[in-house]
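If you want the building blocks of each chain, they are given just below.
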Amino acid sequence: AQTVTQSQPEMSVQEAETVTLSCTYDTSESDYYLFWYKQPPSRQMILVIRQEAYKQQNATENRFSVNFQKAAKSFSLKISDSQLGDAAMYFCAYRSRTNAGKSTFGDGTTLTVKP
Amino acid sequence: NAGVTQTPKFQVLKTGQSMTLQCAQDMNHEYMSWYRQDPGMGLRLIHYSVGAGITDQGEVPNGYNVSRSTTEDFPLRLLSAAPSQTSVYFCASSRSGTGGVSNQPQHFGDGTRLSIL
């Protein structure tokens, strides 16, 4: 079974600064997908970014980028130019190649953004 | 296009009662899933479905039943509620990408906060 570990229960960042959230995972599969989701206090789950394991290039979405290290099974999220609206809980998730209904989530990192 | 709709948003039950959490999606997604989120933790998979008539167990299935008679609906039944089932429940749907791969993100409902006394 796959496992996902987020080792930072809480992180804080100054507005306009950069922060990196860590995620490691364990799997015996060679092809899979990784996701970062944001959960603000409203409880909604919002997709931030995704990475396909067979792609060596790191995914980017505006101020959000990942550092995907397949051999190390590491998938960190970098948020640049942090904004107050980035404050939320962030979850890393793993999904096998062929089952879109079955994701494994980490326990989350709560991000605080200080003005 | 409403996305994923969960009802109710809040519910309080007594131990031993049964109830059904409703989930409906209007995106014609083949995959649907139920997760629970306990305080300070991530989402844990209860049951999922890969299409109408097909369901399978996730990580924490005990005490829950599901069925999928239509593409749109995926209800979650609590058979005999226990305090340990107090949680926030999320329903999600997704479709497969080109070639049947699972690279499409899950769309989540707003959650149901369930308290069992």
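Throughout what follows, the structure given in this document is the object of discussion. What you see is a predicted model, and the numbers here were worked out from it, not measured in a lab.

## Observations regarding the overall build of chain B
Part 1 of the argument: Across its full length, chain B carries 0 helices and 11 strands.
Part 2 of the argument: Ordered by position from N to C terminus, the α and β elements of chain B give β-β-β-β-β-β-β-β-β-β-β.
Part 3 of the argument: Its C-alpha radius of gyration of 14 Å places chain B within 12% of the 13 Å reference for a compact globule of 117 residues.
Part 4 of the argument: With respect to the three principal axes, the spread of C-alpha positions in chain B is 45 × 30 × 30 Å.
Part 5 of the argument: Within chain B, the fraction of its 117 residues that count as buried is 50%.
Part 6 of the argument: Counting only contacts in chain B whose residues sit at least 6 apart along the sequence, the fraction spanning at least 24 positions is 55%.
Part 7 of the argument: For chain B, the accessible surface area stands at approximately 5200 Å², while carbon and sulfur atoms represent 49% of it.
Part 8 of the argument: Across chain B, the mean location of the 8 positive side-chain charges is 8 Å away from that of the 8 negative side-chain charges.

## Description of the packing of aromatic side chains
Part 1 of the argument: Within the structure shown, the criterion is met by 13 aromatic pairs over all chains.
Part 2 of the argument: Ring centres of Tyr25 of chain A and Tyr94 of chain A lie 6.1 Å apart, and the angle between their planes is 35°; on these two criteria the pair is classed as tilted. Of the two residues, Tyr25 of chain A is situated in strand E4 (residues 24-26) and Tyr94 of chain A in strand E10 (residues 88-96); the sequence distance between them amounts to 69 residues.
Part 3 of the argument: Relative accessible area serves as the criterion here: at 1%, Tyr94 of chain A is assigned to the buried category.
Part 4 of the argument: On the basis of an interplanar angle of 85° and a centroid distance of 6.4 Å, the ring pair of Phe68 of chain A and Phe75 of chain A is categorised as edge-to-face. Each member of the pair, Phe68 of chain A as well as Phe75 of chain A, is classed as buried.
Part 5 of the argument: Here the aromatic cluster, defined as three or more aromatic residues joined through ring pairs, consists of Phe35, Tyr37 and Phe105 of chain A together with Tyr35, Phe90 and Phe108 of chain B.

## What to know about unusual backbone geometry
Part 1 of the argument: A cis amide bond links Thr7 of chain B with the next residue in sequence, Pro8 of chain B, at an omega value of -5°.
Part 2 of the argument: Along the chain, the position of Pro8 of chain B falls in the loop between strand E1 (4-7) and strand E2 (10-13).
Part 3 of the argument: Even without a glycine there, the phi angle at Ala16 of chain A is positive, about 80°.
Part 4 of the argument: Note that Ala16 of chain A resides in the loop between strand E2 (10-14) and strand E3 (19-21).
Part 5 of the argument: Despite not being glycine, Arg43 of chain A shows a phi value in the positive range, around 80°.
Part 6 of the argument: On the secondary structure map, Arg43 of chain A appears in the loop between strand E5 (32-39) and strand E6 (46-52).

## Quick look at the pairing of E1 of chain B
Residues and elements named next belong to chain B.
Part 1 of the argument: The two faces of E1 differ: Val4 and Gln6 on one face are buried, but Thr5 and Thr7 on the other face are not.
Part 2 of the argument: As defined by bridge partners, E1 adjoins strand E3 (residues 19-25) across 4 bridges and the pair is classed as antiparallel. Residue pairing for E3: Gln6 is matched across the bridge by Cys23.

## Points about the interface of chain A and chain B
In many analyses, interface size is given as the accessible surface area lost on bringing the parts together.
Part 1 of the argument: Counting residues at the interface gives 23 residues for chain A, matched by 29 residues for chain B.
Part 2 of the argument: Across the chain A/chain B interface, buried area totals approximately 2100 Å², and carbon plus sulfur atoms make up 49% of it.
Part 3 of the argument: Among the residues of chain A in contact with chain B, Arg43, Ala100 and Gly101 of chain A are the three that bury the most area, contributing 28% of the side total.
Part 4 of the argument: The interface formed by chain A and chain B includes 0 salt bridges.
Part 5 of the argument: For the pair chain A and chain B, the interface holds 9 residue pairs in polar contact (both at pLDDT 80 or more).
Part 6 of the argument: Counting only elements with at least two residues in the side of chain A that touches chain B, the list comes to E5, E6, E10 and strand E11 (103-105) of chain A.
Part 7 of the argument: Per-element accounting of the side of chain A that touches chain B gives the leading share, 4 residues, to E5 of chain A.
Part 8 of the argument: Along the lines of polarity and charge, the residues of the side of chain A that touches chain B split into 8 nonpolar, 8 polar and 7 charged.

About the criteria used
- Residues numbered from 1 in each chain as written.
- Chains lettered and ligands numbered in written order.
- Predicted model: local features only at pLDDT ≥ 70, side-chain atom pairs only at ≥ 80, totals over all residues.
- Heavy atoms only, no water.
- Helix = DSSP H or I, 4+ residues; strand = E, 2+ residues; numbered from the N terminus.
- Rg over C-alpha atoms; globule rule 2.2 N^0.38 Å.
- Buried < 20%, exposed > 50% of the residue type's maximum accessible area, 1.4 Å probe, protein only.
- Contact = heavy atoms within 4.5 Å.
- Areas by Shrake-Rupley, 256 points an atom, 1.4 Å probe, with all protein chains shown as cover.
- Lys, Arg positive; Asp, Glu negative; His and termini not counted.
- Charge placed at Lys NZ, Arg CZ, Asp CG, Glu CD.
- Phe/Tyr/Trp six-rings, centres within 6.5 Å; stacked < 30°, edge-to-face > 60°.
- Pairing = 2+ DSSP bridges.
- Buried area = accessible area lost by both parts, 1.4 Å probe.
- Salt bridge = Lys/Arg side-chain N within 4 Å of Asp/Glu carboxyl O.
- Polar contact = N/O pair within 3.5 Å; in protein donor to acceptor, adjacent residues only side chain to side chain.
- Nonpolar A, V, L, I, M, F, W, Y, C, P; charged D, E, K, R; others polar.

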